[in-house]
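Examining the three-dimensional arrangement
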Amino acid sequence: MKTAAIIAEYNPFHNGHRYQIEQTRIQTGADYVLVLMSGDFVQRGAPALCNKYLRTHMALLGGADAVIELPTLYALSSAEFFAGGAVTLLNQLNSIDFLSFGSEAGDISLIVDGAKKLFSDYFSFEAKIKEYLQQGYSYPASRQKALDSEFEPLLSSPNNILGLEYCKALLATHSNITPFTIKRTDSGYHEVCLYNASSEYASASAIRNSLFKTQKPLEEITDYIPSDIYHLFEEENVPGNLISEDDFSHLLHYKLLSEQEHGFSSYLDCTPDLSDKICKNIPFFTDFTGFCNLLKSKDLTYTRISRVLMHILLNIKTPKYFQSPLKERELYLPYARLLGFRKEASPLLAKIKKHSNIPLLSKPANASSLLDKEAFELLKQDIYCAFVYESVLLHKKKQAPLNDWKQSPIILP
């Protein structure tokens, strides 16, 4: 039995994602494709368009055999910790043969060689970034200039960057999982216009932009998402229940006002300097996105600011195991939360249960008997984040929010 894993957000699921699942299955010879998916919040420091259960349903309709949740602590982290946490969780399942990811380069040897360079020269690479920042370059430009010229193009594209981090994490954890990449076929991660997309592929950014900004969004995106998922969009009235960062503005403002006296440097990714900057600018707060734009600078990207503000809002502090150097780092992933699966994937789940180093949780209500105190605290943090998300969604849908403690996995035939 061969199993390939894909680390994803599916925000939302589109034709390119289905293509990746299909090609991963064909090109690796995998019997099963397991998706490790972010929950209700995503890596760019934002809420997902729709909750994790609806996105799990999309993934299963799109060809995934099983979906496991990446804890919010990692899903909302920088690329290094996002990738490191995901790879660490997959390693512990002892059931994954391949890690498949999309990349602009489409060249696994180039990405692996770049990752080896970053891993072996980790400290000198970080030092070079600081030097370029001091010279006035932006953080993305500094990072790109710090890498050897042969690998420099890899740092100009977001999926290449994630691919580098996945491969670096595989090296750091001495993983037996084989990396595999598929060249992206859409118009680019940052492309926000559907009319610039090819006939059937568009980026998630372009689809999100259309959903938020057009009067008849479903008509515009119909060519870019699989038909069964399009029908799910209609049934669930996705365009009418979309969630964005600004839906969290009042919650964030209250949290900032409540804690400004003590500062925010205990929160993940928030330095003392950034904490001071946040405190000084609270009187000028208007909304979530406006505050991000107010705080961003050459060395602090919008995405970095957005992640920090979400960490503050969701009460995500810096864990000790995030502070260790890369080569000594042991990230903490004490369970795997099953969000959904196809019935025909039962042999995969049986294999995971037999060989995994960590419990496979299908019912959170039973978790206290399966997890130790520290592991249960991490799960409670995830449940809390889900409740915050659902509390905001409540005002959109005007119906009782989901109780994440009582949710069972979605099962498709």
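Before going into details, it helps to say that this report is about the structure given with it. Because the structure is a prediction, the values reported are computed rather than measured.

1. Points about the nonpolar core
Looking at soluble globular proteins, one finds that nonpolar side chains tend to be buried together. Judged by nonpolar contacts, the single largest core of 95 residues is most densely connected at L90, F248 and I278. Discounting residues that sit within four places of it in the chain, F248 has contacts with F41, P47, I243, F288, M310, L313, V388, Y389 and V392.

2. Regarding the state of the cysteines
Using the criterion set out here, one finds zero disulfides in the structure. The closest cysteine sulfur to the non-disulfide-bonded C292 is located on C270, 12 Å from its own sulfur. Under the relative-accessibility criterion, C292 is labelled buried at 0%. We note that C385 lacks a disulfide partner, and the nearest cysteine sulfur, in C270, lies 17 Å from it. Given the relative accessible area of 1%, C385 is considered buried.

3. Quick look at the pattern of salt bridges
Enumeration according to the criterion identifies 13 salt bridges in this entry. A salt bridge links R337 to D404, with the nearest nitrogen and oxygen atoms 3.3 Å apart. Of this pair, R337 sits in strand β8 (residues 336–342) while D404 sits in the loop between α17 (373–397) and β10 (410–412); the two residues are 67 residues apart in sequence, bridging distant segments of the chain. When its relative accessible area of 2% is taken as the criterion, R337 is described as buried. With a relative accessible area of 3%, D404 lands in the buried category.

4. A closer look at unusual backbone geometry
Note the cis peptide between N11 and P12, where omega equals 0 degrees. Relative to the helices and strands, P12 is located in the loop between β1 (3–8) and α1 (15–28). Non-glycine residue N94 carries a positive phi angle of around 55 degrees. Relative to the helices and strands, N94 is located in the loop between α4 (79–93) and β6 (98–103). For N94, a relative accessible area of 40% translates into the label partly exposed. Phi is positive for H174, close to 55 degrees, though the residue is something other than glycine. Tracing the backbone through its elements, the reader meets H174 in the loop between α8 (158–172) and β7 (178–183).

5. Some words on the side chain of S100
The topology assignment puts S100 in strand β6. Residue classification places S100 among the buried positions, given a relative accessible area of 1%. With sequence-adjacent residues up to four places away left out, S100 is seen in contact with A5, I6, I7, Q20, T24, F180 and I182.

6. Side note on the side chain of S103
Note that S103 resides in strand β6. When neighbours within four sequence positions are excluded, S103 is seen to be in contact with I111, N159, N160, T181, I182, K183 and R184.

7. Section: the environment of S369
In this structure, S369 sits in the loop between β9 (360–361) and α17. At a separation of 2.8 Å, a polar atom in the side chain of S369 contacts the main-chain carbonyl oxygen of N366.

8. Focus on the pairing of strand β5 (residues 66–70)
Where burial is concerned, most of β5 is hidden: five out of the five residues are buried. Where burial is concerned, the two faces of β5 agree: the one with A66, I68 and L70 and the one with V67 and E69 are both buried. In this structure, strand β2 (residues 32–38) lies alongside β5, joined through five bridges in parallel fashion. Along β5, the bridge assignment pairs S38 with L70. Across four bridges, the pairing between β5 and β8 is antiparallel. Counted as the bridge partner of E69 is R337 from β8.

9. Some details on helix α6 (residues 122–134)
For α6, built from 13 residues, the straight-helix expectation of 18 Å at 1.5 Å per residue is met to within 8% by its first-to-last C-alpha distance of 19 Å. When α6 is considered as a whole, its buried residues turn out to be Y122, F125 and I129. Here the buried residues of α6 occupy an arc of 65 degrees about the axis, which is enough to place them on one side. Exposed side of α6, more than 90 degrees from the buried face: F123, K130 and Q134 are the residues found there.

10. Looking at the packing of aromatic side chains
Counted according to the given criterion, the structure contains 11 aromatic pairs. Ring geometry for Y74 against F322: centres 5.6 Å apart, planes inclined by 40 degrees, an arrangement best described as tilted. With Y74 in helix α3 (residues 72–75) and F322 in the loop between α15 (302–313) and β8, the pair connects residues that are 248 residues apart, well separated along the chain. Like Y74, the residue F322 is buried in the burial classification. With a centroid separation of 4.2 Å and an interplanar angle of 5 degrees, the aromatic rings of F81 and F322 are classed as stacked. Within this pair, whereas F81 is found in helix α4, its partner F322 is found in the loop between α15 and β8, the two being separated by 241 residues in sequence. The residues F81 and F322 share a single accessibility class, namely buried. Here the aromatic cluster, defined as three or more aromatic residues joined through ring pairs, consists of Y74, F81, Y321, F322 and Y332. Directly above the ring of Y267 sits K317, whose terminal nitrogen or CZ lies 5.0 Å from the centroid. Geometry around F119 places K327 over its ring, the cationic atom sitting 5.0 Å from the centre.

The rules we used
Residues numbered from 1 in each chain as written. Predicted model: local features only at pLDDT ≥ 70, side-chain atom pairs only at ≥ 80, totals over all residues. Heavy atoms only, no water. Core = buried A, V, L, I, M, F, W, Y, C linked by side-chain atoms within 4.5 Å. Buried < 20%, exposed > 50% of the residue type's maximum accessible area, 1.4 Å probe, protein only. Contact = heavy atoms within 4.5 Å. Disulfide = S-S within 2.5 Å. Salt bridge = Lys/Arg side-chain N within 4 Å of Asp/Glu carboxyl O. Helix = DSSP H or I, 4+ residues; strand = E, 2+ residues; numbered from the N terminus. Polar contact = N/O pair within 3.5 Å; in protein donor to acceptor, adjacent residues only side chain to side chain. Pairing = 2+ DSSP bridges. Expected span 1.5 Å × (residues − 1). Arc of directions from axis to C-beta. Phe/Tyr/Trp six-rings, centres within 6.5 Å; stacked < 30°, edge-to-face > 60°. Lys NZ or Arg CZ within 6 Å of the ring centre and 35° of its normal.

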